[in-house]
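# Structural description and commentary
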Amino acid sequence: MSMASSAFDMRCTLEPSTDTFFLGGNLHEEDVESSLRSPEFFSTNDYSHTPSESYVRKKYKSGRKNNAVRVFVCSTFKDFKQERNLLVKKVFPEIKRRCRKRNIPFTYIDFRWGITCLESQGGKVIDLCLNEIDKCRPYFIGLLGERYGWANTGGIPDTLLKQSFDYAIGHGNEWVRHYQDRSITELESLYGSLFYPDLTSSFFYLRDPDYVNTIETSQKNDYISENHNANMRVNDLKHRVKISGHLVRENCKSPQEIVEFILEDLMTQIDRDFPEEHQDMDPIELENNSQKQFLEEKINIYLDRPEYNIAIDNHVFNKREKPYYIIGGTGIGKTSLLCKWISDYSKNYPDDILIYEFIGHLHNHLHKSIYRIIYHIKKNTGTSHEIPTDPNDIVHSLSEWLTIADSYNRRLVLIIDGVDQIEPEYQGLGWIPKVIPKNIRLIISSTDSGRSYDNIYKGETENNILWIEPLDDRGKRTLIEMYLLDIGKKLSNSQILDLVNSQSSGTPLYLCSILDQLKVFADFDRLNECLFEYIRVPDIQSLIGTILTNWEKEFNDKNFLKDVLSLLWVSRGGLLEHELMSILSGSPQIMWSSLYEGLGELLIHTNENVNIGHQILRDIVSARYLSERNIKDKYRNMIIAYFSCKGISNRKITEYPFQLRKVGHVDKIELQRFLTDLTVFDMLYSPFTKFDLFKYWKLASDITVASQIYSEEYLLNTPDMLPSDRFDLALKLSKFMIETGSANYAVFLLEECLKNSKIIYGEKSLEVSNVHYLFTELYMQMANYSLSEKHIGESFQLRLELYGRNHVKVADVLWMKALIKKKQSNYEQAIELYEEALDIVKRNYGSYHASVGIYLKTMADVYRKLAEFKKAEDLYFDAMDIFKIVYGDVHPEYAYCLDCLGRIYKKQGIYDKAEPLYYQALGILEGVYGRNHLKVAETCLNLGDVKRKLAQFDDASEMYFRALEINNSQLGALHPDTAENFASIGRTMKEQGKLNDAIVYLQQAVDVVSNVFNNGHIKVAEYTNILADCHALKANYDIALEYYHKALDINKRTYGDIHPEVSENLNAIGLICKKRGNYRDALGYYVQCLHIIEKVYGKDHPKYALYMHNLGVINRKLGDLDEAWKCYMCALEANKGNYGEKHPLVAQNMNGLGMVLKKKGEDLDKAANYHLQALSIMEELHGNNHERVAITLNCLAEVYRKQGKFDYDGAEKIYNRALRINRHLFGEEHPEVAENLNGLAQVYKNQQNYRKAEPVLLKAIEITKNTIGETHPHTINRYHNLADLYERWGRVEDSVNITNIVNELKKKRNDNK
């Protein structure tokens, strides 16, 4: 049937299909019989007039899809209705199903719906039929019966058919002029099959003439020849078919037999074209094929501009150490230039590695583009390096992979087109290497506006930029003539001149878009009118707006264009044609084919996926059609409705959850139901899409809930799976659970993996080693270091046997062994292992490789832990030098080193050096990742720590809450990293004296890690320890002790008795003993602390000095002042050695020495001098308004009071200054404020200024009661001071009453104990 006839009969009974195919044939068959009665109908059987073979081959090249099957079916209409119905309902869905298994798109186009609009389209039937034949090449199916079909005569004019012939002739099909006496069915057969047998895979099915005898009498006229002449014509056509050499099946007995033959024959041909090995084609290769196809289409019409080719050649063939940037306006021809250059270069230099990536062609996700680049580097070099899986790691590993490629001494040319189209967070271009290895050439294109361009222009010289200029008049004319030649049309010189002189004609996209519209809309009489309409618009944006307006007028359905473009806009990466037509059920297929042909380059069509092909059109569609409130949701819901009733497929995986996530009102239940399917998980958990999976789960429920659900689904649904399939799925699930902080769910799955890997791959295989490595990561997350060591040992032994000791895969395992030793505080062993791994990497890659930098920074981490800050600092700088060479100084690895240097200076109390480094690191990470990335959150956390140390609590809280917001949005509230934010906020509130608020946040942190890991995890111990600190400050000593002992038990089980974390817990318990006055017990705990630190670090470590200071405090409390003095002096000398003369810990030791002297009552001037030295250090380091300055002032005031210096220049002045600082830092209601008020009241009491002392002391009591409780020793002590005040004042009765309160509080405190 012809497209015309199939679409004409609006009363056709065929139900619309969700899938469509192209059926060509005849319109107005009821008129054909009378048309054929005239003997003049047949002029001649001359077939000598054909389109040139080169012309058809060019059409074939542009229409043929390399990895797709698109079928054209030719028949008359009425007599093949049953066959067509069977094809649509039975055969083609089956072929599509079989093709889907081998990743081959199958498309079939149906023009039968809404054909009345043909008349409104000016008789374009024949032209559209021929165009569709070109798109469907090589697949052509012909069905022939006894009818000839719709044809013209000299006797009875057929206006619509003549209009169709005239339109086809006027649109590049000059050969049709000689066949105006033929039926459209014969024209289709000639053009699609008989003229050019080598450009087609054709199948013909000839019905048995006796079949008509089986038809009811009332319908027989639809099956017999129109007349004698028609019978002669159709028999002549059958004869040509039989001798054509194509597959011909004669005497087909029934519709069922015909469609069974079609299924068999078409699948046989598909098997030949796409043999079995195609079934396993890598998805990356499929996308690569699409890129190749895109390249071929771009050079179909290309205006050669030699000066640009020469410039690119000069860059490639000369040693260049920087990227080369190609810059030009939108639509100026950058991509076409690169496509032509790539095509020529690949032919001339086949031994070079040539990798290209057209961003925006399939997507704008940079990590997918970089992944494909890395994939090709790995494939071409054969390197054993593993490709990263984290999208950000993929993006920022480009420099490393170029270095790897460079080591193979082959020239590699990498072209990345369209960086202006990548995600905004990457348009800072920090991922682009600043220095290019000697064998690498990097070429990058961008528009001449936007953030990416700004970052190129400010960082590069003119020598590294090729500017693409608008076409000159000669170039414009040449491009116009090339285009017209390609479509077989001409313009007059004056018309070409008008086009050349138009305002924006220097842009190739502008010119081609106008010519596309002339091709579709303009007939000879209206040519000038159409041309003038387009050339009068000032720019490409206005031109596209005019084009859309004209297409809106073209369709009877005013919303068709809006619906099509809006659906494509909201789709994730475009839609398949049959998806689009099914979603727009009721819209004629012919309207879509006309639109697709007419919009030209503004749409792209790859692997049967249709999408908006240019950013300009996306912007216009957004403003023109999608600006109304909720309108995007309307189209998203249309896509959701379509896919909701479809089975699991790559298309559904791509679109369905994406649209559920994007739509305004999210159906969380449906999203979770969909994600729960293990097939969905298996398809989504890939390097390209796994972070989509994380986001979907975050929205549907919570990422930790996913692990529990998947564990249950695995147990229920996998018992009958093959071991290899179970292994692959269990491995993916395990990685997912480890990555999402749900390690406890992964244990069973990894045990399954280990068992199956040994069965499938053998006991001694890399796969078994990899499972052991995963087990190591799992138990590291769970802080089970003994099991981590066991599994990394197994992994190490296997790799050693497989590769030998000097392989990078062995170095990877050594690195992990070192990390475990570091976690266990076995720092010397960790350093030895890091050095061995570093040596292997250097031997394999040289000294200036990214892996060397990574190993140096991890070794520096160990020295930082050992407080060997100079060694750590040097290693970080060495690593930074490497990263700067490999990546440049705006790379995340460089930022990590800055962050670590900040930690060194923070540990040393040099906050003025730490703070700017954190800000620098934060700026790099924000430029690379954007403001809402997890790595940004990590640096915010570290910067918050510095602000907290500087007592800038508002700034610290701002940083902590920002980190919390990022982690909560990315990972959810029940993730360990989010718990860390809760804990940091709790620490800050603790130091501000907001103890109740602090307890709430810290309890949240404990609850999260207890839920994610277990109650025995080290993070539970860490946060419980801080929680205990809060209760200790509130004098809830029993609760505090309970928590401290819980933390101690966890750390002992995890690390053993000799570990720094254990000493931290013992120190805290000692502090409680000290607070309670149990100084002997406290002494025992502090001695244990010193023993542990001496054994782990030695006596020169800062921790040793810290605990020695605490021991001094206890000895002072015990009255052993000489021993206290020795402890303080020992700590002082150690801290001076570690940090220098000016450090907060040095000042703290001096304060201790001053208090010993005050306690002795000896040499109070010397005591005051120690405090003054401490004050000078604190003020220099922290400024005049820091909490440590206030503490030191309080100590100094105590000495002055002891000396009897009560006046304004003595104790009173110092107390008041400390009071102002603490009120500024903490507000009015804080224990430190109460401490200052209490001291100040004692000064007034000693001055016998009782009236002034009373309100000050009462305020101190009120604050103390409200913040740390009425039974706290400080509260009781201050009541005691009040009783003494009243007694001295002579208010005996008040003194007795207060004394009674003191006794009641002491009793209550004892009862509470």
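Residues numbered from 1 in each chain as written. Predicted model: local features only at pLDDT ≥ 70, side-chain atom pairs only at ≥ 80, totals over all residues. Heavy atoms only, no water.

## Focus on helix H58 (residues 1250–1268)
Helical geometry note: an α-helix holds 3.6 residues per turn, so side chains three or four residues apart project in the same direction. Between the first and last C-alpha of H58 there are 26 Å, a value that for 19 residues agrees with the 27 Å anticipated at 1.5 Å per step. All buried positions along H58 are accounted for by Tyr1250, Ala1253, Glu1254, Val1256, Leu1257, Ala1260, Ile1261, Ile1263, Thr1264, Thr1267 and Ile1268. Downstream of H58 by a residue or two, glycine 1269 has a phi angle that is positive, lying close to 100 degrees. (Helix = DSSP H or I, 4+ residues; strand = E, 2+ residues; numbered from the N terminus. Expected span 1.5 Å × (residues − 1). Buried < 20%, exposed > 50% of the residue type's maximum accessible area, 1.4 Å probe, protein only.)

## Description of the pairing of strand E7 (residues 324–328)
Taken across its 5 residues, E7 has 5 buried, putting it largely inside the fold. The alternating pattern of E7 places Tyr324, Ile326 and Gly328 on one face and Tyr325 and Ile327 on the opposite face, and all of these are buried. The pairing of E7 with strand E10 (residues 440–447) spans 5 bridges and is classified as parallel. Paired with isoleucine 326 across the bridge in E10 is serine 445. (Pairing = 2+ DSSP bridges.)

## Side note on the packing of helix H46 (residues 995–1012) against helix H47 (residues 1018–1033)
At their nearest, the axes of H46 and H47 sit 9 Å apart, and the two run at 160 degrees to each other. On the basis of their axis angle, the class for H46 and H47 is roughly antiparallel. Helix-helix and strand crossings are classified by hand; for H46 and H47 the assignment is left-handed. Contacts between H46 and H47 involve Leu995, Ala998, Ile999, Leu1002, Gln1003, Ala1005, Val1006, Val1009 and Ser1010 from the former and Lys1019, Val1020, Tyr1023, Thr1024, Ile1026, Leu1027, Cys1030, His1031 and Leu1033 from the latter. When the residues that make up the contact of H46 with H47 are grouped by side-chain class, the tally is 13 nonpolar, 4 polar and 1 charged. (Axes fitted to C-alpha atoms, helices over the stretch in contact; angles between N-to-C directions. Parallel < 35°, antiparallel > 145°, perpendicular 65-115°, else oblique. Left-handed = near helix turned anticlockwise from the far one by under 90°. Contact = heavy atoms within 4.5 Å. Nonpolar A, V, L, I, M, F, W, Y, C, P; charged D, E, K, R; others polar.)

## Some details on the pattern of salt bridges
Applying the stated criterion to the full structure yields 66 salt bridges. With a shortest N-O distance of 4.0 Å, glutamate 1198 and lysine 1158 are connected by a salt bridge. In this pair, glutamate 1198 is assigned in helix H55 (residues 1187–1202) and lysine 1158 in helix H53 (residues 1144–1160), connecting sequence segments 40 residues apart. Residues participating in the shared-partner salt-bridge network are Arg70, Glu132, Lys135 and Glu577. (Salt bridge = Lys/Arg side-chain N within 4 Å of Asp/Glu carboxyl O.)

## Considerations on unusual backbone geometry
With an omega of 10 degrees, the peptide bond running from arginine 137 to proline 138 counts as cis. Within the secondary structure layout, proline 138 lies in the loop between helix H6 (125–136) and strand E4 (139–144). Phi at serine 825 takes a positive value of approximately 65 degrees, unusual for a residue other than glycine. Relative to the assigned elements, serine 825 resides in the loop between helix H37 (808–823) and helix H38 (827–845). Judged by relative accessible area, which is 9%, serine 825 ranks as buried.

## Section: the nonpolar core
In terms of nonpolar packing, the biggest core is built from 167 residues, with Leu412, Leu414, Ile416 and Trp431 touching the most fellow members. If near-sequence neighbours (up to four positions away) are discounted, leucine 412 is found in contact with Ile353, Ile355, Ile377, Leu402, Ala405, Asn439, Ile440 and Arg441. With 110 residues, the next largest nonpolar core counts Trp551, Tyr625, Trp697 and Val768 among its residues. (Core = buried A, V, L, I, M, F, W, Y, C linked by side-chain atoms within 4.5 Å.)

## Digging into the side chain of threonine 689
As for its placement among the helices and strands, threonine 689 is situated in the loop between helix H30 (678–684) and helix H31 (690–700). Take threonine 689: its relative accessible area is 15%, and that puts it in the buried class. Contact partners of threonine 689, with chain neighbours within four places excluded, come to Met683 and Leu684.

## A short note on a nonpolar patch on the surface
Where nonpolar side chains cluster on the molecular surface, the patch consists of Ile759, Ile760 and Tyr761 and spans about 280 Å² of accessible area. Mapped onto the elements of the fold, tyrosine 761 is located in helix H34 (residues 746–761). (Patch = residues over 30% accessible without salt bridge, like charges linked within 9 Å, V, L, I, M, F, W, Y side chains within 5 Å. Areas by Shrake-Rupley, 256 points an atom, 1.4 Å probe, with all protein chains shown as cover.)

## With respect to the confidence of the model for the protein
The predicted model of the protein has a mean per-residue pLDDT of 85, with 90% of residues at 70 or higher. Looking over the protein, one finds the lowest element-wise mean pLDDT in helix H1 (residues 3–8), namely 33, and the highest in strand E6 (residues 247–252), namely 96. Contacts of residues 112–120 to residues separated by more than four positions or lying in other chains number 38 contacts, the stretch itself having pLDDT below 50. (pLDDT = per-residue confidence, 0-100.)

## So, the sheet that holds strand E9 (residues 412–417)
Strand order in the open sheet formed by 5 strands is E8-E9-E10-E7-E11, and the pairing between neighbours is parallel. The outermost strands of the open sheet, each flanked by one partner alone, are strand E8 (353–358) and strand E11 (465–467). Shown here is a sheet whose adjacent strand axes are inclined to one another by a mean of 15 degrees, direction ignored. Of the strands in this sheet, E7, E9, E10 and E11 are in contact with helix H12 (residues 306–317), which crosses E10 at around 140 degrees. Lying on the sheet, helix H14 (residues 366–381) is in contact with E8 and E9; it crosses E8 at an angle near 165 degrees.

## Regarding a positive patch on the surface
A contiguous patch of positive charge on the surface is contributed by Lys823, Lys865, Lys907 and Lys949. Structurally, the position occupied by lysine 823 is in helix H37. By relative accessible area, lysine 823 is classed as partly exposed at 38%. (Lys, Arg positive; Asp, Glu negative; His and termini not counted. Charge placed at Lys NZ, Arg CZ, Asp CG, Glu CD.)

## Overview of the pairing of E10
A large share of E10 lies buried, amounting to 8 of its 8 residues. Burial of E10 is two-sided: the residues Ile440, Leu442, Ile444 and Ser446 facing one way and the residues Arg441, Ile443, Ser445 and Thr447 facing the other way are all buried. Pairing between E9 and E10: 5 bridges, direction parallel. Following the sheet pairing, isoleucine 415 is matched in E10 by isoleucine 443.

## Here's the deal with the packing of helix H39 (residues 850–865) against helix H41 (residues 892–907)
Where H39 meets H41, the closest approach of the two axes is 11 Å, and the angle between their N-to-C directions is 10 degrees. When the interaxial angle is binned, H39 and H41 end up roughly parallel. Each of Ile854, Lys857, Asp861 and Arg864 in H39 lies in contact with H41, whose residues at this interface are Glu893, Tyr896, Cys897, Cys900, Arg903 and Ile904. Considered class by class, the residues forming the contact of H39 with H41 number 5 nonpolar, no polar and 5 charged.

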